[in-house]
Amino acid sequence: MGAGRPICKACRPRPPRTCFRCGRSRPVQAEWPAGPVCVGCYENVRRHPAECFNCRQVRPLIARNDEGGSVCGPCVGVDLTYTCRGCGRSGEIHCDERCFHCVLAERLTDLLTGPDGQVAEQLRPLQEALTGVDNPATVVGWLAKSRSAKLLREFAITPTPLTHNLLDQQPQTQPLHYIREVLVTTGVLPPREEHLERLGPWLDRILAGKPSHHVRAVKPFAQWFVIRRARRSATRNGDYRRSSADHARARILNALELLSWLDQHELTLETLTQPVLDRWLEKGATTRRSVRYFLAWAHNRGLVTGLDVPMAAKTAPAILLKEDDRVAQLRRCFTDEALPLDLRVAGVLILLFALPLTRVLRLRDADVLRDPDHTHLLIDGHQLRLPARLADLIHRLQTHAGA
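Notes on the structure in this doc start here. The shown structure was predicted, so the numbers you read here are calculated from the model rather than taken from an experiment.

This part covers the pattern of salt bridges. As enumerated under the stated definition, the model contains 22 salt bridges in all. Residue Arg124 is joined to Glu121 by a salt bridge in which the shortest nitrogen-to-oxygen separation is 3.6 Å. Between Glu257 and Arg288 there is a salt bridge; the shortest N-O distance is 2.6 Å. Here Glu257 is found in helix α11 (residues 242-264), whereas its partner Arg288 is found in the loop between α12 (274-282) and α13 (292-300), with 31 residues between them in sequence. It is possible to trace a salt-bridge network through shared partners that takes in Asp168, Arg180, Arg192, Glu194 and Arg198.

Structural data, given as structure tokens:
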């Protein structure tokens, strides 16, 4: 920087000084009646206006009175209230003398306005939810930088109503997944088993460009075996998790991988033999063994014969819990009030009934059945009678969750 050349206020050197609020030596952002204030405290005070000790108005408290109480600027003769010219609210001013709330409301309206110059009735719940957030600064930043916000603008100017089907026809990117989640959360779109519903569009994309004989073999397997079983599982369990979708995709991908390998070796499903299959299995990861589902399906349709995929060897647990330790942990889950309540309930169900953690995580309020005498837990169609102490823990957990 050459001597004597002008610089802006933001680039002007700011020697560190002691902030009146936090007491740390930092570059000064502003000089308030109470003293110099650092950047962090400057933003914090403006974002959290409070009741003035003197006038009882809610404003940023930038001064002290003679008794040491926090007061606003006008109470010490300084006309500095950080008042929004739009809504009259005192606090953090974002731009053009307006607060984040007013800026957010305007930008959301611009974003969601359709071709007719109005925000569609369907999108009003989204508009109301975003304008009502506790920290509008985060949404203003999201609107300015996020690819999801740009995608939302494209949907807003689309003349057709928003539906899951419309979103399914778009490239399935992370911004789109985020927008769908926001639309469901705010009530614009109805909820659905998202990980399950993504399987169909994913299948179409993965089969695009594949050889026709691969598509003829894999597409019916995927639709009528893999996805059909996935829908049954979702209906039975009440949800469909990402891990389940990953397993479903793996079965389809392994089928395609086997068919590609057969092409490379000038073989077909009809000429596939057990030694050849064993050679393919040995050269890949153990996850290839999930190809058994495809081969079993193909066998039932006369496409292959006499093939077997051995199960991967199961290893015993590296650490076995001693009975005394199990009882001690069980006792702690029942009595240790310092542990989170959901952790205590999960611990008892695992230690007492040997329920897998994945099954515990799928439990819902509707699985808890009560009658005048006992409490039962519905597990895969069976009613498991609960001890009174465990029933009490579950009742406390439900009450806490609903509070």
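Glancing now at a nonpolar patch on the surface. Judged by side-chain polarity, Ile350, Leu357 and Leu361 come together as a nonpolar surface patch covering roughly 260 Å² of accessible area. Residue placement: Leu357 occurs in helix α16 (residues 357-361). Residue class for Leu357 comes out partly exposed when judged on its relative accessible area of 49%.

Okay, the layout of surface pockets next. One water molecule sets the probe size; rolling that probe over the atoms shows where empty space is left. Put simply, the largest pocket is a space of about 650 Å³. Lining of the largest pocket is provided by 23 residues; of these, Ser243, Ser244, His247, Ala248 and Arg251 occupy positions nearest its centre. Residue assignment for the lining of the largest pocket shows that the elements contributing at least two residues are α10 (212-237), α11, α13 and α16. At seven residues, the largest contribution of residues to the lining of the largest pocket is made by α10. Among the residues making up the lining of the largest pocket, the classes are represented as seven nonpolar, eight polar and eight charged. As a volume, the second largest pocket reaches approximately 420 Å³. Lining the second largest pocket are 18 residues, and of these Gln174, His177, Glu194, His195 and Arg198 sit closest to its centre. Of all elements in the fold, only α7 (174-185), α8 (194-197), α9 (199-207) and α11 reach the threshold of two or more residues within the lining of the second largest pocket. The element best represented in the lining of the second largest pocket is α7, accounting for six residues.

Quick notes on the rules
- Every chain's residues receive numbers from 1 upward, in the order its sequence appears when written.
- Totals for whole chains, interfaces and linings use all residues, but because this is a predicted model, local features are given only for residues with pLDDT of at least 70 and pairs of side-chain atoms are given and counted only at 80 or more.
- Excluded from the side-chain calculation are hydrogens and water; included are all heavy atoms of the structure.
- When a carboxyl oxygen of Asp or Glu is within 4 Å of a side-chain nitrogen of Lys or Arg, the pair counts as a salt bridge.
- For the purposes of this entry, the term helix denotes a DSSP run of H or I that reaches at least four residues, the term strand denotes a run of E that reaches at least two, and both are numbered from the N terminus.
- Think of a patch as exposed residues, more than 30% relative accessible area, with no salt bridge, where like charges cluster within 9 Å and nonpolar side chains (Val, Leu, Ile, Met, Phe, Trp, Tyr) cluster within 5 Å.
- Computed by Shrake-Rupley with a 1.4 Å probe, the accessible areas treat only the displayed protein chains as cover when residues are assessed.
- Only protein chains enter the accessibility calculation, which uses a 1.4 Å probe. A residue is then buried if its area is under 20% of the maximum for its type, exposed if over 50%, and partly exposed in between.
- Whether a set of points on the 1 Å grid over the protein atoms alone is a cavity depends on a 1.4 Å probe fitting there but being unable to get out, while an open set qualifies as a pocket with protein on both sides within 12 Å along at least five of seven lines; lining residues are those with an atom within 4 Å of a point.
- Grid points are joined across faces, edges and corners, and a volume is the space filled by probe spheres set on the points.
- When residues are grouped by polarity, Ala, Val, Leu, Ile, Met, Phe, Trp, Tyr, Cys and Pro land in nonpolar, Asp, Glu, Lys and Arg in charged, and all others, Gly among them, in polar.

Remember that the coordinates give geometry; whether it matters functionally is a separate question.
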